[in-house]
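Chain by chain, the residues:
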Amino acid sequence: MTKALLTVLKGERLTTPPIWLMRQAGRYLPEYRALRAEKGGFLALATDPEAAAEVTVQPIRRFGFDGAILFSDILMVPWALGQELSFGAGEGPRLAPPLAGHPLAALERAVERLDPVYATVRRVKAMLPAETTFLGFAGSPWTVATYMVAGQGSRDQGETRMFAYRDSVAFDAIVEAIVAMTVDYLSAQIAAGVEAVQLFDSWAGSLSPAQFERWVIAPNAAIVRALKARHPQVPVIGFPKGAGGKLAAYAAGTGVDAIGLDETVDPVWANAVLPAGLPVQGNLDPLALEAGGEALDRGIDRVLEAFRDRPHIFNLGHGIGQHTPIAHVEQLVARVRS
């Protein structure tokens, strides 16, 4: 059975691009909301292999996407490194203690916290249709470090950026710890059954060019090199949200097999500046999907036209919004595949 998504990740252009959507398993689906309410919270859901596997396959059953992405969270790595992880209602994730005022060396690692993730992978692998590519993922070191240092998300990552300027040695140690744990984490996901992995750098756009080279390109390159040494046939997708004009440097410097583009990137420009033949993923605006109608059709067509001569995976430029109507996702799938 041919797996369209895996085929494109390995460099082949298909007439009809494969589709998956970031956050495709989540709050816009009534079946997800029902299961989360039953489990009582995000972390309880993500660490219950049976429930997490069910959430992972829900959008595959409903829409027939070409890729299923593991249901988990980018903050599993800091949790395994010894920080406490919680998800307050309406507050977003919290990590304690924040490393802005607590030494990394004082954390007590708890790698067994990752075991439910691997159990989820094994369950999902047995549930997926033969044609569906199974994607694992992790957060990229810079993005994960912003949460570890500040203890929570922020608009500009200012606290972590200042920490990196003031104590680059301590920040280097945090990044190195994340890199090492991420390599082991993704390698174990691959061993359990995922066929490709994505590195999410959600806050890459907050850095100056010099910081981007040091805290985004170099750590992601280290992860890619280590994974390729262990699993040479497994593709790695890099998603540096907000990288903009630094995308070409990211593609060249990290060695990723495919690059995800956020919705702020002009797809025509990206097609012109990125290396010929490099698979790209994206980059419909999630709000166009939420709007539906002609706006959605125009957005889809622009992306498809820009990448018609390049290996392309159709996706959003970021995660699907929780208020997105089911009918609009059906409209997207039908138009891309028609």
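This text follows the structure it describes.
The model shown is predicted, which means the values in this text are computed figures rather than measured ones.

**Considering the nonpolar core**
Within the largest apolar cluster, 117 residues are counted, with the highest numbers of intra-cluster contacts made by Phe 171 and Leu 332. When residues of this core are assigned to their parent elements, the largest contribution, twelve residues, is made by helix α9 (residues 168-192). Excluding its chain neighbours within four sequence positions, the residues that come into contact with Leu 332 are Ile 19, Leu 284, Leu 289, Leu 296, Ile 300, Phe 314 and Leu 316.

**Some details on helix α4 (residues 49-63)**
In an α-helix, one turn spans 3.6 residues; hence positions three or four apart end up facing the same way. Over its 15 residues, α4 extends 22 Å from the first C-alpha to the last, a length consistent with the 21 Å expected when each residue adds 1.5 Å. A maximum bend of about 30° is found in α4 at Val 57, where proline Pro 59 lies one to four positions downstream. Here α4 has its buried residues at Ala 51, Ala 52, Ala 53, Val 55, Thr 56, Val 57, Gln 58, Pro 59, Ile 60 and Phe 63. Residues of α4 that are buried in the fold lie against α2 (30-39), α3 (42-46), β1 (67-69), α6 (115-127), β4 (133-139) and α15 (326-337). Of the residues flanking the start of α4, the one acting as N-cap is Asp 48, its side-chain oxygen 3.1 Å from the backbone nitrogen of Glu 50. Downstream of α4 by a residue or two, Gly 64 has a phi angle that is positive, lying close to 70°.

**Quick notes on the packing of α9 against helix α10 (residues 209-230)**
At their nearest, the axes of α9 and α10 sit 10 Å apart, and the two run at 30° to each other. The handedness of the crossing between α9 and α10 is right-handed. Of α10, the residues touching α9 (which contributes Ser 168, Phe 171, Asp 172, Val 175, Val 179, Thr 182, Val 183, Asp 184, Leu 186, Ser 187 and Ile 190) are Arg 214, Trp 215, Pro 219, Ala 222, Ile 223, Ala 226, Leu 227 and Arg 230. Of the residues in the contact of α9 with α10, the class split is twelve nonpolar, three polar and four charged.

**Re unusual backbone geometry**
Between Ala 96 and Pro 97 the backbone carries a cis peptide bond, its omega angle lying at -5°. Secondary-structure assignment places Pro 97 in the loop between β3 (92-96) and α6. The amide bond that connects Gly 282 to the next residue, Asn 283, takes the cis arrangement and shows omega of -15°. Tracing the backbone shows Asn 283 in strand β8 (residues 280-284).

**A closer look at the sheet that holds strand β9 (residues 312-316)**
Within a sheet, adjacent strands bond to each other through the backbone by hydrogen bonds, running parallel or antiparallel. With parallel pairing, the seven strands of this open sheet are ordered in space as β1-β4-β5-β6-β7-β8-β9. The outermost strands of the open sheet, each flanked by one partner alone, are β1 and β9. On average, each strand axis in the sheet is tilted by 25° relative to the strand beside it, whichever way the strands run. By the bridge criterion, three bridges tie β1 to β4 in an arrangement that is parallel.

**Things to note about the environment of Arg 310**
Following the sequence through the fold, Arg 310 ends up in the loop between α14 (293-306) and β9. Among the residues examined, Arg 310 registers a relative accessible area of 5% and is labelled buried. Linking Arg 310 and Thr 2, residues 308 residues apart in sequence, is a C-alpha distance of 19 Å. With residues near it in sequence (within four places) discarded, Arg 310 still touches Arg 13, Ala 270, Asn 271, Leu 274, Pro 275, Ala 276, Gly 277, Leu 278 and Val 280. Reaching out from Arg 310, the side chain makes a polar contact with the side chain of Asn 271 at a distance of 2.7 Å.

**Describing helix α7 (residues 141-150)**
For α7, the tally of buried residues reaches ten of ten residues, placing the bulk of the element in the interior. Among all positions in α7, only Pro 141, Trp 142, Thr 143, Val 144, Ala 145, Thr 146, Tyr 147, Met 148, Val 149 and Ala 150 are buried. Where α7 ends, the next residue or the one after it, Gly 151, has phi of about 85°, a positive value.

**Details of the pairing of strand β2 (residues 84-88)**
Where β2 lies against β3, five bridges are found, and the strand directions are antiparallel. Paired with Ser 86 across the bridge in β3 is Arg 94. Counting the residues in the hairpin turn of β2 and β3 gives three residues, including Gly 90, whose phi is positive at 70°.

Parameters and conventions
- Residues numbered from 1 in each chain as written.
- Predicted model: local features only at pLDDT ≥ 70, side-chain atom pairs only at ≥ 80, totals over all residues.
- Heavy atoms only, no water.
- Core = buried A, V, L, I, M, F, W, Y, C linked by side-chain atoms within 4.5 Å.
- Buried < 20%, exposed > 50% of the residue type's maximum accessible area, 1.4 Å probe, protein only.
- Helix = DSSP H or I, 4+ residues; strand = E, 2+ residues; numbered from the N terminus.
- Contact = heavy atoms within 4.5 Å.
- Expected span 1.5 Å × (residues − 1).
- Bend = angle between axes of the 7 residues up to and from the residue.
- Polar contact = N/O pair within 3.5 Å; in protein donor to acceptor, adjacent residues only side chain to side chain.
- Axes fitted to C-alpha atoms, helices over the stretch in contact; angles between N-to-C directions.
- Left-handed = near helix turned anticlockwise from the far one by under 90°.
- Nonpolar A, V, L, I, M, F, W, Y, C, P; charged D, E, K, R; others polar.
- Pairing = 2+ DSSP bridges.

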